[in-house]
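# Inside the fold
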Amino acid sequence: MYSMAFMHRAVIRTICGLLAERSVVLVEGPPRCGRSTIARQVAAGSASGTRIVDARGREGRAAVADPGSLSAARPVILDNAGADEAAAILSWASAPGRRQEADRPGDAPDAPAATDSEDRASAMDSTDGAGKALENSGRRPRFVLVGGPFPGVPATCGYAAAVTAGPLSLFEVGRASVRSLWLRGGYPEAYGASSDDAALDWLERYAADLAHGALADWGMPREPRLITALLESVAAGNGHGFNENAAARALGVSRPTVSRYLSILSRAGILFSLPALPPGIARAPAERGAGVTGGVARAVRAPALYVRDSGLLHALLGVRSADELAMKPRMAAASWAGFVAAQAREAASPGTELYRYASADGAALDLVLVRDGVPVISAAARRLRPTSDRKSVV
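Here's a quick rundown of the structure. (Residues numbered from 1 in each chain as written. Predicted model: local features only at pLDDT ≥ 70, side-chain atom pairs only at ≥ 80, totals over all residues. Heavy atoms only, no water.)

### Some remarks on the environment of A88
Formally: The secondary structure listing takes helices from DSSP runs of H or I that are at least 4 residues long and strands from runs of E that are at least 2 residues long, numbered from the N terminus.
Mapped onto the fold, A88 is located in helix α4 (residues 83-93). In the structure, A88 is positioned 22 residues away from D66 in sequence and 9.3 Å away in space, judged by C-alpha atoms.

As structure tokens, this is what we get:
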């Protein structure tokens, strides 16, 4: 049985880098993605004795009630925090006196907050970096709130920052594990299951939990049959434009209801979409980069909608094994393309925008990466042999 305790998540370095400059770091993500493990790993990275408390317990409630009374020598990690705890801590951190204190030169370390690209380049050094960032907490109490959902934090906010955690990525598990990660997905309990069958059993229960109220805090109603049908509908068309009108008719609800539920599922990290490549970028000449030319007048404008985790996708489609997936080439191809898109989102450097391109005559690119308005990479995800994911290419 795989243990998450032995895998250092790439997001840890980002959290610790931000904590060196901010009073509050909010860490949210989909249910069961390993948020509590991330909290323990952040705490373990500090030699100064970081306090980790459950926001729902007595000690956690006391910390939220009077944040300023806590020692600045030990950052506080509030696990299982929600919107109410975040609102209270952010209100305290945003007070004028607190903001002036946070802006005093010399309080924050010289090192800038880590970027996602730095995470990937320095994963082996992240534990040491975490310890140094947490130890240098200055005179201000620092907080890491792990849970969610949390209120939005403006990009210009100088005292707080938000980080989104998610399922395990290919960078975290290693290229040698691509087969398991693709079939089982990145939810730690599924990825680390004793067998593929056990992993898919867990994923089926997880899908049922999502429909039976696991996303209630995100605003999703407890309507199991409706939510399950909606998720299965998205899975059936994974990687294509989603027809909300047709889904509303099939489910017997209004289109605004379908749109609202899809928005919640995306906000919670269950789904993601890739917008269509804007016409202006599509017409860029090829010599400017990986330009996409020709047929742009007939380009499909709808975004492509994906189930974020490939293992959850397979559970929603009723796939029980790698052999079964291999016997359904179209399903496998759509699954692989979604897997590649999801991993590209995780690996993309800051400032890179991801799009998809499709034309009415069938031409398509699963990914177009754009930087500074110029396409730099265009890719089509294809599996060369339906029976072997090891021969897949991008």
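Picking up after the structure, the text goes on.
### Observations regarding the nonpolar core
Within soluble globular proteins, side chains that are nonpolar generally end up buried alongside one another. As a reminder, the rule being used: We define a nonpolar core as any set of buried Ala, Val, Leu, Ile, Met, Phe, Trp, Tyr and Cys residues linked to one another through side-chain atoms lying within 4.5 Å. Relative accessibility thresholds used throughout: buried, under 20% of the residue-type maximum; exposed, over 50%; partly exposed, between the two (1.4 Å probe, protein chains only). Any two residues whose heavy atoms approach within 4.5 Å at even a single point are treated as in contact.
Ranked by size, the top nonpolar core spans 55 residues in total, and within it I15, I270 and L271 carry the most contacts. Per element, the largest residue contribution to this core is 8 residues, and it comes from helix α11 (residues 196-214). If near-sequence neighbours (up to four positions away) are discounted, I270 is found in contact with P30, Y187, Y206, L210, L215, L231, L265, Y306, V307, R308 and L312. In terms of nonpolar packing, the next biggest core, distinct from the first, is built from 26 residues, L168, L274, A342 and A379 among them.

### Section: the packing of helix α12 (residues 224-236) against helix α14 (residues 255-267)
Using the following cut-off: Axis definition: a line fitted to C-alpha atoms, over the contacting stretch in the case of helices. Angles run 0 to 180 degrees between N-to-C directions. For this classification, under 35 degrees means roughly parallel, over 145 means roughly antiparallel, 65 to 115 means roughly perpendicular, and everything else is oblique. For this classification, the nonpolar set comprises Ala, Val, Leu, Ile, Met, Phe, Trp, Tyr, Cys and Pro, the charged set comprises Asp, Glu, Lys and Arg, and every other residue, Gly included, is treated as polar.
As a packed pair, α12 and α14 sit with axes 11 Å apart at the nearest point and diverge in direction by 75°. Classified by the angle their axes make, α12 and α14 are roughly perpendicular. Residues L226, I227, L230, L231 and V234 of α12 pack against V258, Y261, L262 and L265 of α14. Per-class residue counts for the contact of α12 with α14 are 9 nonpolar, no polar and no charged.

### Here we look at α14
Given 3.6 residues to a turn, an α-helix orients residues that are three or four positions apart in the same direction. The condition is simple: A helix is expected to reach a length of 1.5 Å times the quantity of its residues less one. The directions considered for the arc run from the helix axis to the C-beta atoms.
Compared with the 18 Å implied by 1.5 Å per residue over 13 residues, the 18 Å span of α14 between its first and last C-alpha is a close match. Of the positions making up α14, those classed as buried are T257, V258, Y261, L262, I264 and L265. The buried residues of α14 occupy an angular sector of 160° when projected down its axis, which confines them to one face. Looking at the packing, one finds that the buried side of α14 touches α12, α13 (244-251), β6 (271-274) and β7 (304-307). A positive phi of about 85° marks G269, the residue just after α14.

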